Every structure is written in structure tokens, then in C-alpha cells.
Amino acid sequence: MVKKLLVFVLVGMVLFFAGCAQQQPQQATTPAGPKEETLYFGAPISLSGKFAEEGKASLYGMQVAAKWINEHGGVKVGDTTYKIEIKYYDDESKKENVQSLIERLATVDKVKFILAPYSSGLTLAAAPIAEKYQVLLNSHGGASDYIFEQGYYYVVQTLSPASKYQTGFLDMVKKLDPNAKRVALVYEDGEFSRAVHQAAKEYAEELGFEIVYEKTYPAGATDLSPILNELKATNPDVIIGGGHFADGQLLAKQLAELNINVKAISILVAPTFPEFYEALGNKAEGICGPAQWEVGARYTPDVADELGVEWYGPTQDEFLAMYKELAGEDAVPPYQAAEAAAAVLSYAKAIEKAQSLDPAKVREAMNGLKFMCLYGLWQIDPETGKQVGHEMDIIQWQNGEKKIVWPEAAATADPCYPMPTWDEKASGATCGS
């Protein structure tokens with residue numbers, strides 16, 4: 001009986017190990033499935049405070065780009081596919097919040113790729129913190145050249161620098177009217193607007209314009225009439241001004257109230273938003289503004305092919321449809337949305353090019369990166385990180401619609417020049433009427 005039991009146990013053990021031996025080769029030869037992980041791009045973003053309008057549009061643009069990337073294969077590094085997610089916090093448009101949030105993203109959330117906050121002032125506050133922790137900071141809303149003259153390695157730029165914002169407008173006026181000579185500058189006292197207007201002043205003088213008036217006003221100003229009455233007395237042909245949305249709208253409103261007529265006006269930021277026309281109505285007719293991007297811009301896969309550069313990201317039609325899904329059916333994306341989307345796309349392309357999540361290696365890969373997306377060309381200067389590929393457009397409100405009027409190759413309409421007077425607009429005149 002004992003012998004039979006022993007034989008039974010031995011046979012069972014043989015069969016068990018034989019079975020294991022047969023199963024082991026199957027496990028060893030079964031290929032591992034592709035790995036999928038989440039990769040966070042961090043963002044301190046102004047969802048409240050002074051830059052709330054620009055911040056919300058930027059966030060929608062980031063989310064659209066992330067969604068498109070995820071729906072088109074994600075970001076592949078080795079055998080791992082990464083799905084992008086935007087991890088964001090409201091910085092309330094405050095510098096002190098930006099700095100603490102950059103530190104939190106870098107140390108607590110372990111985010112290696114950060115999308116800078118909106119505005120030059122906030123981006124300038126963010127840059128040394130990103131540099132300290134050696135995380136990449138991609139500026140989609142900080143245009144000041146000064147940011148990229150501090151020797152930061154981990155800071156790169158997606159939008160055109162401030163020095164290029166108003167040069168196209170001056171080129172346009174110069175070509176349309178060689179007799180227009182007198183330029184007045186009135187702008188917000190902030191990092192971004194100072195940089196734009198200093199460059200505009202220098203470029204205007206190079207073109208032969210005379211600066212007849214120059215004055216800044218403080219951030220948060222609610223009455224510009226004392227300055228504008230001074231400006232009126234100098235009898236300018238052209239006014240260049242503004243800083244951000246709220247003050248730009250106030251500037252246009254009070255120019256109308258004081259009946260200050262000139263041949264052309266270009267205001268920063270504010271005219272690019274539909275809310276500008278909604279608030280001012282017919283008073284907005286003829287007012288221009290520099291735009292990093294505008295609906296109807298010429299950037300397409302065909303144009304990329306003609307230039308011999310790679311196209312990456314959604315087409316404009318795809319972008320518009322996806323933006324409306326997030327922001328609402330009536331939402332029209334301003335340029336802040338497109339440039340934020342381009343920053344996300346540039347990270348994805350650079351990470352795949354580097355085949356690494358090491359910020360230093362991705363920064364190195366960015367030096368040789370050149371591609372086109374709905375926002376236009378993306379290419380940086382390797383030494384400074386400053387954007388050199390993208391070009392500005394000049395928009396103008398005509399018959400209640402934004403039109404691209406410069407450069408000529410990008411234009412969707414001829415410039416309305418000279419713009420209607422305030423009295424003409426009060427009587428119902430529009431550009432083209």
C-alpha cells in the first residue's frame with residue numbers, strides 16, 4: 001500500500017514538472033505588449049486675474065493639441081507610447097504664484113516639460129525657477145526679447161519675439177502712404193509692451209518716421225484721457241499702443257470719445273479677440289493689431305510640402321472643430337490658443353526626436369527641430385532659444401470681421417486705409433462702406 005502511494009506521488013510529481021516545463025517556453029516566447037504611459041506637460045495658467053481671457057484661450061489650445069497627439073499615436077520613445085495630459089494650476093495672473101507653481105510642478109509633480117504662463121512678466125518670473133530645477137520651459141505667451149537674453153538654457157520660445165510685433169504694421173503704412181510720417185506711441189508700462197514699443201520706435205525711425213509722442217500708462221489704468229489729450233495735440237498720422245486686452249480696449253474706447261482721428265491705429269492683443277468688437281461695435285472698424293496667428297492663416301500641409309518641411313498636428317479645420325468642442329460652439333480661437341497648441345506640438349516632436357524624456361537631451365533636439373503646424377513654422381535659435389521661424393500677421397476689423405491685411409502673401413483682404421474717422425463710424429460707416 002505504501003509502495004503504491006509512493007509510486008502515485010512520484011508519478012504526480014513527474015507529470016507536474018513536465019507540465020511546467022512545457023509551459024515555460026510558451027511564456028518566454030510570448031512577446032510583451034507595447035507599453036503605454038501618461039506624460040504630463042505642466043502649466044501655470046491665468047484662469048483668473050488680469051490675463052484670464054488670454055489664459056483660458058491658451059489652455060484650450062494646449063488641450064486641443066494634447067488630444068490630437070493622443071488620437072494620432074501619442075509620443076513614442078523606444079517601446080513606450082506616451083499619452084499627453086496637461087497638468088495645470090491657476091496662477092491668478094500673479095508672479096509670486098507662478099514661481100511657487102513652477103517649483104511645485106518640478107519637485108512635487110515631477111513634471112519635466114512646462115508650458116510657460118501667459119505674458120512676458122510672468123514668463124520672466126518663471127524662467128529662473130525652471131532653470132534652477134533644469135526643467136524645460138516653453139514660452140507660448142512671453143514675447144519679450146529680454147527673457148532670452150539672460151543665458152537660460154532650459155527656456156525656449158514658440159511665439160515670435162516682441163521686437164517683431166509692430167514692424168509689419170509700419171512696413172504696411174510705409175508702403176500704402178509714404179507721406180505718413182508722424183507716429184505716436186502710448187502703451188502699458190509692462191515688460192512685454194515696453195519691449196514691443198521700444199523695437200517699434202527704433203524700426204519706425206529706421207524707416208524715416210518721426211516719433212512725435214511717447215508715453216506709458218500704469219498697468220490697471222482706468223482713465224487714459226490725460227495722456228490722450230496730450231497725444232491729440234501732437235497731431236500724429238499713426239498711433240501704436242496698448243499692452244493687453246483690458247487696457248487695449250480702453251485705449252480704443254477713449255480715442256473715440258476724444259475724437260482723435262488718425263490714418264491708422266495698431267493696438268496690441270485686444271483687437272485679436274472677438275470680445276473687442278463685441279464691446280466697441282462700430283468703433284472697432286479699421287483698428288489693426290499684430291497677431292501671432294489668425295483664422296484663415298495660410299499654413300497648410302501643402303505649404304509645408306512646398307517649403308520642404310514636415311507638417312505636424314491638426315489642420316486648421318481640425319483645430320477649429322476641436323476647439324469648439326472644448327470652448328463652445330460659438331467660440332473662435334484667438335492667436336493665444338494657436339501658439340499654445342504649437343508649444344505642445346513642439347514638445348512632442350522634440351521628445352520623439354531625442355528619444356528621451358531627459359530635458360537636456362530634448363533641449364538639444366530642439367536646436368535642430370523645424371516643422372510647420374497650423375500656427376506656422378517652428379524653429380529656434382540654438383544659442384538663445386528665441387523663436388526665429390514664425391512670422392507675425394497684421395489683422396484689421398472690417399465690416400465686423402477680422403481680416404489679415406499684412407503681409408501681402410498672407411492677406412485675406414486689402415488694408416482699409418485710411419481708417420474711417422470716429423464721426424464717420426458714429427454715422428454707421430465701416431471699412432468698405
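For the structure, check the block above.
Keep in mind the model is a prediction, meaning the values are calculated, not measured.

Visitor: In this structure, what is going on with the environment of alanine 221? I would like to understand it.
Guide: Relative to the helices and strands, alanine 221 resides in the loop between strand 8 (210–217) and helix 7 (225–233). Through-space distance from the C-alpha of alanine 221 to that of serine 48 is 18 Å; in sequence the pair is 173 residues apart.

Visitor: Explain the nonpolar core to me, please; I cannot follow it from the model alone.
Guide: The nonpolar side chains of a soluble globular protein tend to be buried, and buried together. In terms of nonpolar packing, the biggest core is built from 123 residues, with Phe41 and Ile86 touching the most fellow members. Among the elements that take part in this core, helix 12 (residues 335–354) stands out by supplying 13 residues, more than any other. Contact partners of phenylalanine 41, with chain neighbours within four places excluded, come to Ile84, Glu85, Ile86, Lys87, Val111, Phe113, Leu115, Val344, Tyr347, Ala348 and Ile351. One finds Met172, Ala180, Leu185 and Cys288 within the second-largest nonpolar core, a separate group that totals 18 residues.

Visitor: I keep staring at the sheet that holds strand 13 (residues 371–373) and nothing clicks. Help me out?
Guide: Strands belonging to one sheet form pairs held by backbone hydrogen bonds; the direction of such a pair is parallel or antiparallel. Overall, mixed pairing links the 3 strands, which are arranged 12-13-14 in an open sheet. Two strands in the sheet have a free side with no partner beyond their single neighbour: strand 12 (310–311) and strand 14 (376–378). In this structure, strand 13 lies alongside strand 14, joined through 3 bridges in antiparallel fashion. Bridge pairing in strand 14 places methionine 372 opposite leucine 377. Lying over the sheet, helix 12 contacts strand 12, strand 13 and strand 14, oriented at roughly 145 degrees with respect to strand 13.

Visitor: I'm lost on helix 5 (residues 167–176) in this one. Help?
Guide: Since the α-helix packs 3.6 residues into each turn, any two residues three or four apart lie on the same face. For helix 5, the complete set of buried residues consists of Thr167, Gly168, Phe169, Leu170, Met172 and Val173. Among the structural elements, helix 6 (191–206), strand 9 (238–242), strand 10 (264–267), strand 11 (288–291), strand 15 (393–398) and strand 16 (401–406) are those in contact with the buried residues of helix 5.

Visitor: Would you mind showing me how to read the sheet that holds strand 3 (residues 80–90) here?
Guide: Taking strand neighbours across the sheet as the criterion, the 6 strands line up as 2-3-1-4-5-6 in an open arrangement whose pairing is mixed. Strand pairing shows two members of the sheet lacking a second neighbour, strand 2 (75–77) and strand 6 (155–157), which therefore form its edges. Mean inter-strand twist for the sheet, computed between neighbouring axes without regard to direction, equals 35 degrees. Strand direction decides the pairing type here: strand 5 (residues 136–139) and strand 6, joined by 3 bridges, are parallel. Pairing of serine 139 across the sheet is with glutamine 157, part of strand 6.

Visitor: How do you make sense of unusual backbone geometry when you look at a structure like this?
Guide: The general pattern is negative phi for most residues beyond glycine and trans for most peptide bonds. The omega torsion across tryptophan 406 and proline 407 is 0 degrees, close enough to zero to call that bond cis. As for its position among the elements, proline 407 is in the loop between strand 16 and helix 14 (422–426). The linkage connecting tyrosine 417 with the following residue, proline 418, adopts the cis geometry, with an omega of -10 degrees. Mapped onto the elements, proline 418 comes out in the loop between strand 16 and helix 14. The backbone of serine 119 shows a phi angle near 95 degrees, a positive value even though the residue is not glycine. Locating serine 119 in the fold gives a position in the loop between strand 4 (113–115) and helix 4 (120–133).

Visitor: Sorry, what's going on with the packing of helix 2 (residues 52–71) against helix 12 here?
Guide: For any two helices packed against each other, the geometry comes down to the angle between their axes and how far apart the axes lie. Interaxial distance between helix 2 and helix 12 falls to 7 Å at its minimum, and their mutual angle equals 40 degrees. If you check the angle between helix 2 and helix 12, you find them oblique. Crossing of helix 2 against helix 12: the hand is right-handed. Here helix 2 contributes Glu54, Ala57, Ser58, Gly61, Met62, Ala65, Ala66, Trp68 and Ile69 to the contact with helix 12, which in turn contributes Gln336, Ala337, Ala340, Ala341, Val344, Leu345 and Ala348. In terms of residue class, the contact of helix 2 with helix 12 is made up of 12 nonpolar, 3 polar and 1 charged.

Visitor: Please explain the packing of aromatic side chains as it appears in this structure.
Guide: Throughout the structure, instances matching the rule amount to 14 aromatic pairs. Taken together, a centroid distance of 6.1 Å and an interplanar angle of 70 degrees make the contact between phenylalanine 41 and phenylalanine 113 edge-to-face. With a gap of 72 residues between them, phenylalanine 41 in strand 1 (residues 35–45) and phenylalanine 113 in strand 4 connect regions that are remote in the sequence. Phenylalanine 41 gets classed as buried once you look at its relative accessible area, which sits at 0%. On the numbers, 5.2 Å between centres and 90 degrees between planes, the contact of tyrosine 153 with tyrosine 154 is edge-to-face. Accessibility expressed as a relative area gives 10% for tyrosine 154, which makes it buried. Among the aromatic side chains, those forming a connected cluster through ring pairs are Tyr60, Trp293, Phe319 and Tyr323. Taking the ring centre of tyrosine 312 as reference, the NZ or CZ of lysine 349 above it sits at 4.9 Å. Here the guanidinium or amino end of arginine 363 rests over the ring plane of tyrosine 153, the centre of that ring lying 4.8 Å away.

Rules behind the numbers
Residues numbered from 1 in each chain as written. Predicted model: local features only at pLDDT ≥ 70, side-chain atom pairs only at ≥ 80, totals over all residues. Heavy atoms only, no water. Helix = DSSP H or I, 4+ residues; strand = E, 2+ residues; numbered from the N terminus. Core = buried A, V, L, I, M, F, W, Y, C linked by side-chain atoms within 4.5 Å. Buried < 20%, exposed > 50% of the residue type's maximum accessible area, 1.4 Å probe, protein only. Contact = heavy atoms within 4.5 Å. Pairing = 2+ DSSP bridges. Axes fitted to C-alpha atoms, helices over the stretch in contact; angles between N-to-C directions. Parallel < 35°, antiparallel > 145°, perpendicular 65-115°, else oblique. Left-handed = near helix turned anticlockwise from the far one by under 90°. Nonpolar A, V, L, I, M, F, W, Y, C, P; charged D, E, K, R; others polar. Phe/Tyr/Trp six-rings, centres within 6.5 Å; stacked < 30°, edge-to-face > 60°. Lys NZ or Arg CZ within 6 Å of the ring centre and 35° of its normal.

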